[in-house]
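Read off the chains here:
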Amino acid sequence: MPAKKETSRKAVFLDRDGTLNKNTHYLIDFGDFELLPGVEQALRLLQDLDYRLFVVSNQSGVARGYFPFEAVEALHRKIEAHMATLGIRLEEMAFCPHHPQGSVAAYTMDCDCRKPKPGMLRYLATKYDVDISRSIMVGDSMSDAMAGLNAGMASAWIKSDPGAPRAGQVDNLPNLKEFVSLLDFAESLRDF
Ligand SMILES: [Mg+2]
Ligand SMILES: [Zn+2]
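Just so it is clear, the model here is predicted, and its values are computed rather than measured.

Calculation notes
Residues numbered from 1 in each chain as written. Chains lettered and ligands numbered in written order. Predicted model: local features only at pLDDT ≥ 70, side-chain atom pairs only at ≥ 80, totals over all residues. Helix = DSSP H or I, 4+ residues; strand = E, 2+ residues; numbered from the N terminus. Buried ≥ 20, exposed ≤ 12 C-beta atoms within 10 Å, placed from the backbone. Contact = placed C-beta atoms within 7 Å.

K.L.:
Where do I start with the overall build of the chain in this structure?
P.N.:
A count of helical and extended segments in the chain gives five helices and six strands. Along the chain, from the amino end to the carboxyl end, the secondary structure elements read β-α-β-α-β-α-β-α-β-β-α. Among the 192 residues that make up the chain, the fraction classed as buried is 36%.

Here's what the structure looks like:
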């Protein structure tokens, strides 16, 4: 009998808006969810390279009173189901509902999970026994990159806007790797 394949302990932690899907700002209706070009292919490649996939998203719209916590959960169930039909398994979509200056008291706080804080990454890494040293955070903003670095993992910055400043010019992070797309990033991991 062949040995049971061990669950991989390396993971890619993905930002949601602007990394997986077109950033429509405070997305809440699945009908407005639109994957960016190459993302489907990129996620399949990451899976083939044995990375488990997690999503970590700041959703301050909850604290701001734009939509309820449960609506984000419902949206995420739909995204997970949609991805499953594409053969892509998202292990968990975590989100931070907080903001220091919100309007909904229960979510108005200086939390440990809003990126660039590493709370969501640490929570998922512990829950799923992820090896931080072999994992990568990828996103389209500096707060994503910082969250990864703050959690002690490598970070990759998707710079779809060629006019944006380079990583080395921002917060003195010369080691932060930049890519033009999620697919560009995934392809770089073939030799990682
Ligand atoms: Mg983003
Ligand atoms: Zn939070």
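So that's the structure; there's more coming.
K.L.:
So what exactly am I meant to see when it comes to the environment of Leu-121 here?
P.N.:
Along the chain, Leu-121 falls in helix α3 (residues 119-127). Judged by the 26 C-beta atoms lying within 10 Å of it, Leu-121 falls in the buried class. Once the C-alpha coordinates of Leu-121 and Ile-132 are considered, the two residues, eleven residues apart in sequence, prove to be 9.1 Å apart. Each residue touching Leu-121, except ones within four places of it in the same chain, is listed here: Phe-13, Val-56, Met-137, Ala-147, Gly-148 and Ala-151.

K.L.:
I keep staring at unusual backbone geometry and nothing clicks. Help me out?
P.N.:
Trans is the prevailing form of peptide bonds, just as negative phi is the prevailing case for residues other than glycine. At the junction of Lys-115 and Pro-116, the peptide bond is cis and its omega measures out at 20° in the coordinates. Along the chain, Pro-116 turns up in the loop between β3 (90-96) and α3. One non-glycine residue, His-25, adopts positive backbone phi at about 65°. As for its position among the elements, His-25 is in the loop between β1 (11-14) and α1 (39-48). Unlike most non-glycine residues, Tyr-26 shows phi in positive territory, near 60°. Within the secondary structure layout, Tyr-26 lies in the loop between β1 and α1.

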